[in-house]
Number of protein chains: 2
Amino acid sequence: MSPRGRRPAGEDTRAVILAAARQEFAGKGYDASSLRAIARSAGVDPALVHHYFEGKPELFAETMELPVRPAQVVAALLDGPREQVGERVVRTFFGIWDSPDGRERLVALIRSAVSHEEAARMLREFLAREVFGRIASALGVPDPELRAGLAVSQMVGVALMRYVMGLEPIASADPEELVAHLAPTLQRYLAD
Amino acid sequence: MSPRGRRPAGEDTRAVILAAARQEFAGKGYDASSLRAIARSAGVDPALVHHYFEGKPELFAETMELPVRPAQVVAALLDGPREQVGERVVRTFFGIWDSPDGRERLVALIRSAVSHEEAARMLREFLAREVFGRIASALGVPDPELRAGLAVSQMVGVALMRYVMGLEPIASADPEELVAHLAPTLQRYLAD
């Protein structure tokens, strides 16, 4: 018997899961969302979610249409001299966000959420857990979660001012100038 | 002939100006608001605004029920060794925001705005221009406006996570631990 009614097939299933995930993440934030709850609200077996998506970070990245895969970004940021990790982090973020495509997607993802606030919350929780938290843990600093939170507070703070609110002079600043100011901050939070 | 109808007297006038200011700041942000436009929307002569309020920063502080006067805070922050200005800034902010009264007012002011986003925008613009911008200028660093923007992005970013969103572990962190991490950041942005 082929599945129908409750559970659509193929690309449809994928789309249904993505829609359910979008709603779950927006409503509960990243941390409190679970693949199990997303499967339930999509009306599919949890195994199907794992069939289509590697895990929660990858599913989140797809619902937000993030232009990068979290695990690959973290691996790339950790690949290089420890004393330059802050600079790599800041340069990578502005590299993604400042590209016409990245900027458009960032603004779109924040606009597409129910409120900017919810979008910013999801982004904060996701970055803290899946990006900065992993970097701080890999580098063995004390209090990696607190440091990840500080890194998030700085990078999301700048992103909101630069891309969403357009507050000058941050909005039009040369990215290299921002890198010069922000790299030592991220270095201290994540690696010192 | 005593003024009536268009212009109430005494405390009423003050309250009408405050209400008009609240609306103007929320609608246009801090930077784009003017005392002249506030007077016009309150239906009073601009001289009356100056009679009741020292200037735009003081009027803003009153509409937001900020527990401190901006000019006094800036003077206090500049009074002491230059190499500790970052620490004084961070300690003063947490001193105000972490007190039960300060925390209540901060959350109330953000909740009382039409949206958290507008409140956060006003607070960012106000802090950049009237607090951090004045400190950076007084200390003679290059690009004082950019540095003020960076200082705002960090302090408002932490405040949103700690007081408004309640994101852990920032929300429950010991204030002294936050001071230890944030003081060097603010020192570099504002004074180095």
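Residues numbered from 1 in each chain as written. Chains lettered and ligands numbered in written order. Predicted model: local features only at pLDDT ≥ 70, side-chain atom pairs only at ≥ 80, totals over all residues. Heavy atoms only, no water.

K.L.:
Would you explain the overall build of chain A in this entry?
P.N.:
Helix and strand counts for chain A come out as ten helices and zero strands. Listed by position from the N terminus, the elements making up chain A come as α-α-α-α-α-α-α-α-α-α. Along the first, second and third principal axes, the C-alpha set of chain A runs to 60 × 35 × 25 Å. Residues counted as buried form 53% of the 192 residues belonging to chain A. Surface accessibility of chain A: about 8700 Å² in total, with carbon and sulfur atoms responsible for 52%. The average position of the 23 basic charges and that of the 26 acidic charges among the side chains of chain A differ by 6 Å. (Helix = DSSP H or I, 4+ residues; strand = E, 2+ residues; numbered from the N terminus. Buried < 20%, exposed > 50% of the residue type's maximum accessible area, 1.4 Å probe, protein only. Areas by Shrake-Rupley, 256 points an atom, 1.4 Å probe, with all protein chains shown as cover. Lys, Arg positive; Asp, Glu negative; His and termini not counted. Charge placed at Lys NZ, Arg CZ, Asp CG, Glu CD.)

K.L.:
Hey, could you run me through the environment of R121 of chain B in this one?
P.N.:
Tracing the sequence through the fold places R121 of chain B in helix α8 (residues 116-138). By relative accessible area, R121 of chain B is classed as partly exposed at 27%. The residues contacting R121 of chain B, other than those within four sequence positions of it, are M165 and L167 of chain A. A polar side-chain atom of R121 of chain B sits 3.4 Å from the main-chain carbonyl oxygen of M165 of chain A. (Contact = heavy atoms within 4.5 Å. Polar contact = N/O pair within 3.5 Å; in protein donor to acceptor, adjacent residues only side chain to side chain.)

K.L.:
What is the right way to read the relation of the copies chain B and chain A from this model?
P.N.:
Note: a rotation about an axis with an accompanying shift along it relates these two copies of the chain. When chain B is fitted to chain A, the best match, at an RMSD of 0.0 Å, comes from turning it 180 degrees and sliding it 0.0 Å along the axis. Both copies of the chain, as the preceding transformation shows, are related through a two-fold rotation axis. Here 100% of the interface residues in chain B have copies in chain A that are interface residues too; the copies meet face to matching face. (Least-squares fit on C-alpha atoms with pLDDT ≥ 70 in both.)

K.L.:
Which parts of the structure should I look at to understand helix α1 (residues 11-28) of chain A?
P.N.:
Since one α-helical turn is 3.6 residues long, residues separated by three or four positions face the same way. Residue and element names in this part refer to chain A. Spanning 18 residues, α1 covers 26 Å between terminal C-alpha atoms, matching the ideal 26 Å at 1.5 Å per step. Among all positions of α1, only T13, R14, I17, L18, A20, A21, E24, F25 and A26 are buried. At the C-terminal side of α1, G29 shows a positive phi close to 80 degrees. (Expected span 1.5 Å × (residues − 1).)

K.L.:
How should I be thinking about unusual backbone geometry in this particular structure?
P.N.:
Among all residues except glycine, the phi angle is most often negative; among peptide bonds, the trans geometry is most common. All names here are of chain A. Along the chain, E168 connects to P169 via a cis peptide bond; the corresponding omega equals 0 degrees. Here P169 lies in the loop between α9 (144-164) and α10 (175-191). Its identity as a non-glycine residue notwithstanding, D143 has a phi of 50 degrees, on the positive side. Residue position: D143 is located in the loop between α8 (116-138) and α9. Its relative accessible area of 40% is what places D143 among the partly exposed residues.

K.L.:
Help me understand the nonpolar core, please; the structure alone is not making it clear to me.
P.N.:
Within soluble globular proteins, side chains that are nonpolar generally end up buried alongside one another. By size, the foremost hydrophobic cluster in this structure holds 130 residues, and its most contacted members are L59 and F132 of chain A together with L59 and F132 of chain B. Excluding residues within four positions of it along the chain, F132 of chain B makes contact with V89, F93, L127, A148, A151, V152, M155, L186 and L190 of chain B. (Core = buried A, V, L, I, M, F, W, Y, C linked by side-chain atoms within 4.5 Å.)

K.L.:
Can you walk me through the packing of helix α6 (residues 85-98) of chain B against helix α10 (residues 175-191) of chain B in this structure?
P.N.:
A packed helix pair is summarised by two numbers, namely the angle formed by the two axes and the spacing between the axes. Residue and element names in this part refer to chain B. Where α6 contacts α10, the axes come no closer than 6 Å and their chain directions differ by 130 degrees. With respect to their mutual orientation, α6 and α10 come out oblique. Crossing angle aside, the handedness with which α6 passes α10 is right-handed. Touching V85, G86, E87, V89, V90, R91, F94 and D98 of α6 are P175, E176, L178, V179, L182, A183, L186, Q187, L190 and A191, all from α10. (Axes fitted to C-alpha atoms, helices over the stretch in contact; angles between N-to-C directions. Parallel < 35°, antiparallel > 145°, perpendicular 65-115°, else oblique. Left-handed = near helix turned anticlockwise from the far one by under 90°.)

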